[in-house]
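Listed here are the chains, written in short residue letters.
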Amino acid sequence: SPLISIATAATPAGTIYYDATWTVDTSANVVSEFSAVAHGAAAPVGTIAGALTALDDPSAVAVASSGRVYVANAGDNTITEYEAGAHGNVAPIAVIGGPNTGLDAPSSMTIAGDQVWVTNPTTNGGEAFTVNSQGDELPAASFAGGKTKLNHPSAISVNGELGELDVLNTPATGSATITSFDPEAPGDETPDDVTSLAKYSPTALLSIGFGDDWIVD
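Residues numbered from 1 in each chain as written. Predicted model: local features only at pLDDT ≥ 70, side-chain atom pairs only at ≥ 80, totals over all residues. Heavy atoms only, no water.

Participant: Can you help me understand unusual backbone geometry in this one?
Facilitator: Backbone phi values are negative for most residues with the exception of glycine, while trans is the configuration of most peptide bonds. Non-glycine residue Asn29 carries a positive phi angle of around 55 degrees. Among the secondary structure elements, Asn29 is positioned in the loop between β3 (16–25) and β4 (30–35). Taking relative accessible area as the criterion, Asn29 reaches 25% and is therefore assigned partly exposed. We note that Asn124 has phi near 55 degrees; this positive angle belongs to a residue other than glycine. Along the chain, Asn124 turns up in the loop between β11 (115–120) and β12 (125–130). On the accessibility criterion, Asn124 (29% relative accessible area) is partly exposed. (Helix = DSSP H or I, 4+ residues; strand = E, 2+ residues; numbered from the N terminus. Buried < 20%, exposed > 50% of the residue type's maximum accessible area, 1.4 Å probe, protein only.)

Shown next, in the form of structure tokens:
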């Protein structure tokens, strides 16, 4: 079954824009697009799957305003990018990966402006690449270190209203938290806010603006 889904995203269909919800199925190496109004046992609008896709244990998906689709692959520590409207057994138009990237089993991703942010739970950090990045590039920005209070960051979302990056931390012991950062001031920085989720065991995070965060418990 699909592991994770993201918020509805504006995706181009010719000159008409429509909303869609995207999911990843890690074990099957499949990325699926559903209509935003889909419910019940709805079939996907289309899928990205097959040997040419270079999907390898996909863990998260995000869609840029251009409609291009970005997928984090935990299996081989890469980000694969697909053309807007791509479906089927299609090769990525770009792949970000290699030792310079610092990608280490990325678990989640979001797009803030022209940057694709991912989280690396194993290294307690997060990294950003520009939407035009490819190959073994250094991140355009990153956040990690003791001041960040990151502890197994498993999900990331951008709060459009506040312009912050909200990160869900799910440590092996202790309470889950949401840490909020200014994407313009990355590094070993103290978060702008820390929210305790002591009553919950969250697995996913969605920020919808107006300061609101939604979690899957």
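That shown, we press on.
Participant: How should the sheet that holds strand β10 (residues 108–112) be read in this particular structure?
Facilitator: Sheets are built from strands paired through backbone hydrogen bonds, the pairs being either parallel or antiparallel. On the basis of which strands lie adjacent, the open sheet formed by 4 strands has the order β10-β11-β12-β13 and antiparallel pairing. Each edge of the sheet is formed by a strand with only one pairing partner; in this case those strands are β10 and β13 (141–144). When strand polarity is set aside, the average angle formed by the axes of neighbouring strands in this sheet is 15 degrees. Direction of pairing for β10 relative to β11: antiparallel, over a ladder of 5 bridges. Each residue of the ladder has a partner; that of Thr110, found in β11, is Trp117. (Pairing = 2+ DSSP bridges. Axes fitted to C-alpha atoms, helices over the stretch in contact; angles between N-to-C directions.)

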